[in-house]
Amino acid sequence: MNPYVLATLLSSLGLGTTLTFASSHWLLAWMGLEINTLAIVPLMAQHHHPRAVEATTKYFLTQATAAAVILFASTTNAWITGTWDMTSMSNPIATAMILAALALKIGLAPMHFWMPEVLQGLDLLTGLILSTWQKLAPLALIIQTAQAFDPLLLTTLGLTSTLVGGWGGLNQTQLRKVLAYSSIAHMGWMVIVLQYAPQLTLLALLMYILMTSAAFLTLKLSYTTKVGTLATTWSKSPLLTATAALVLLSLGGLPPLTGFMPKWLILQELAKQGLPLTATVMALAALISLYFYLRLCYAMTLTISPNTVTSTTPWRTQTTQASALLALSTVMALGLLPLTPAVMTLVV
């Protein structure tokens, strides 16, 4: 892709998200979401592969549907209340519609069906943008209007997402689909605690972005998109394989890695709010997710791929890809747990 076109598209992505962040008016927020969608569509379809075009079409249709529902619901609310302001969401039907549309935008279950299919058709870098940056604007809107939403609806969305994210990833052999279900589960964790401690939602989002970035960049560096290919990576780059396994366990929320921090604080907050049953279901759903991460780690570090090649496998292959960002995100995805006391003073 032409670097000028790429720069224009990436700056439009930034502009769309910033516009949504800064707005307290529904029309402006909707405009930001639309700019965001239109900026990523050419990035998704840049390879001209039928699979990429199909994924782009699916993504565009779901996002356009969600945007239309947001516009319709906010117009209805403005018609009834006389204001476009986000803080004055008094109509329950309009509020429920907006939550459903925003849930469709970020891929919360049961509006998650597009997410694995779309992510599977994209290359790893565009998939990384879709899994991280594209979540920011809709989540910002959900956080801003959280007080207007029905608490039971938010809890149901959160629980469903963590369970679906766990169950869906169990049988997958494609790594991008595994990461898509991982994304759905993490979104559930963020939404469940939103009504009680929005600052924990932001913490969980930050940790999710760090861990997902490390996972996607690792896969990109090792040219891996299937579980079967993972078994061959240890002979080429043993250190990268070791850190990749740890990053996956961090995504699963295993102590003493970074991913344990948001899960621990969210479960603690749910118990503090008098919701021990919800906290138990969330913890059990996290165990299901952990199983498929362990499956990937097993394939990566404890199996030897059937090797029919007569030549010796290179111990380390030289790569021309930049790895500074991968190194930084991996270190942060693995070693931030000791900062938990400092984080607790900020968020509690």
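Residues numbered from 1 in each chain as written. Predicted model: local features only at pLDDT ≥ 70, side-chain atom pairs only at ≥ 80, totals over all residues. Heavy atoms only, no water.

If you look the protein up in an unreviewed UniProt entry, it shows as NADH-ubiquinone oxidoreductase chain 2 from Lythrurus lirus. Turning to the protein, the UniProt annotation filed under Function (unreviewed entry) states: "Core subunit of the mitochondrial membrane respiratory chain NADH dehydrogenase (Complex I) which catalyzes electron transfer from NADH through the respiratory chain, using ubiquinone as an electron acceptor. Essential for the catalytic activity and assembly of complex I." (UniProt positions renumbered as here; feature names shortened; annotations may be inferred.)

Caption draft 1: Structural view of the overall build of the protein. When helices and strands are tallied, the protein shows 17 helices and zero strands. Scaling as 2.2 N^0.38, a compact globule of 348 residues should have a C-alpha radius of gyration of about 20 Å, and the protein matches this with 20 Å. A total of 348 residues make up the protein; the buried ones form 52% of that total. Put simply, of all contacts in the protein between residues at least 6 apart along the chain, 79% involve residues at least 24 apart. Accessible surface, the protein: about 15500 Å² in total, of which carbon and sulfur atoms supply 72%. Of the charged side chains in the protein, 13 are positive and 7 negative; the average position of the first set lies 17 Å away from that of the second. (Helix = DSSP H or I, 4+ residues; strand = E, 2+ residues; numbered from the N terminus. Rg over C-alpha atoms; globule rule 2.2 N^0.38 Å. Buried < 20%, exposed > 50% of the residue type's maximum accessible area, 1.4 Å probe, protein only. Contact = heavy atoms within 4.5 Å. Areas by Shrake-Rupley, 256 points an atom, 1.4 Å probe, with all protein chains shown as cover. Lys, Arg positive; Asp, Glu negative; His and termini not counted. Charge placed at Lys NZ, Arg CZ, Asp CG, Glu CD.)

Caption draft 2: Geometry of the packing of aromatic side chains. On inspection of all chains with the given rule, the structure shows three aromatic pairs. Here the aromatic rings of F292 and Y293 are separated by 4.8 Å at their centres, their planes lie at 45°, and the arrangement is tilted. Here F292 matches Y293 in class, with each residue buried. Residue placement shows K263 over the ring face of W189; its charged tip is 5.2 Å from the ring centre. (Phe/Tyr/Trp six-rings, centres within 6.5 Å; stacked < 30°, edge-to-face > 60°. Lys NZ or Arg CZ within 6 Å of the ring centre and 35° of its normal.)

Caption draft 3: Layout of the packing of helix 14 (residues 260-272) against helix 15 (residues 276-301). Where helix 14 meets helix 15, the axes come as close as 8 Å, and the angle between the chain directions of the two elements is 160°. In terms of orientation, helix 14 lies roughly antiparallel with respect to helix 15. Relative to helix 15, the crossing made by helix 14 is left-handed. The residues of helix 15 that touch helix 14, namely those facing K263, L267 and L270, are T278, A279, M282, A283 and A286. Classifying every residue of the contact of helix 14 with helix 15 by side-chain character gives six nonpolar, one polar and one charged. (Axes fitted to C-alpha atoms, helices over the stretch in contact; angles between N-to-C directions. Parallel < 35°, antiparallel > 145°, perpendicular 65-115°, else oblique. Left-handed = near helix turned anticlockwise from the far one by under 90°. Nonpolar A, V, L, I, M, F, W, Y, C, P; charged D, E, K, R; others polar.)

Caption draft 4: Region of the structure containing the environment of A283. Residue placement: A283 occurs in helix 15. When the C-alpha positions of A283 and P3 are compared, they lie 45 Å apart, and in sequence the two are 280 residues distant. Contacts of A283, omitting those with residues within four sequence positions, involve W189 and L267.

Caption draft 5: A look at helix 13 (residues 238-252). Taking 1.5 Å per residue, 15 residues should reach 21 Å; helix 13 reaches 21 Å between its end C-alpha atoms and fits that length. Buried within helix 13 we find L240, T241, A244, A245, V247, L248, L249, S250, L251 and G252. As for helix 13, its buried residues are in contact with helix 9 (175-192), helix 10 (198-221), helix 12 (233-236), helix 14, helix 15 and helix 16 (324-335). Among the residues trailing helix 13, G253 stands out with phi positive, at a value near 85°. (Expected span 1.5 Å × (residues − 1).)

Caption draft 6: Layout of the UniProt feature "domain: NADH:quinone oxidoreductase/Mrp antiporter transmembrane" (unreviewed entry) in the protein. Residues annotated by UniProt as "domain: NADH:quinone oxidoreductase/Mrp antiporter transmembrane" (unreviewed entry) correspond here to residues 23-288. Between the first and last C-alpha atoms of residues 23-288 the distance is 38 Å; the span itself is 76% helix and 0% strand.

Caption draft 7: A look at a nonpolar patch on the surface. Together, M1, V5, L6 and L10 give the surface a local cluster of nonpolar side chains, amounting to about 310 Å² of exposed area. Relative to the assigned elements, L6 resides in helix 1 (residues 3-22). Judged by relative accessible area, L6 falls into the partly exposed class, the value being 31%. (Patch = residues over 30% accessible without salt bridge, like charges linked within 9 Å, V, L, I, M, F, W, Y side chains within 5 Å. Salt bridge = Lys/Arg side-chain N within 4 Å of Asp/Glu carboxyl O.)

Caption draft 8: Expanded view of the side chain of N77. Within the element layout of this structure, N77 appears in helix 3 (residues 50-81). By relative accessible area, which is 0% here, N77 ends up buried. Filtering out sequence-adjacent residues up to four positions away, N77 remains in contact with G82, T83, S88, M89, S90, N91 and A94.

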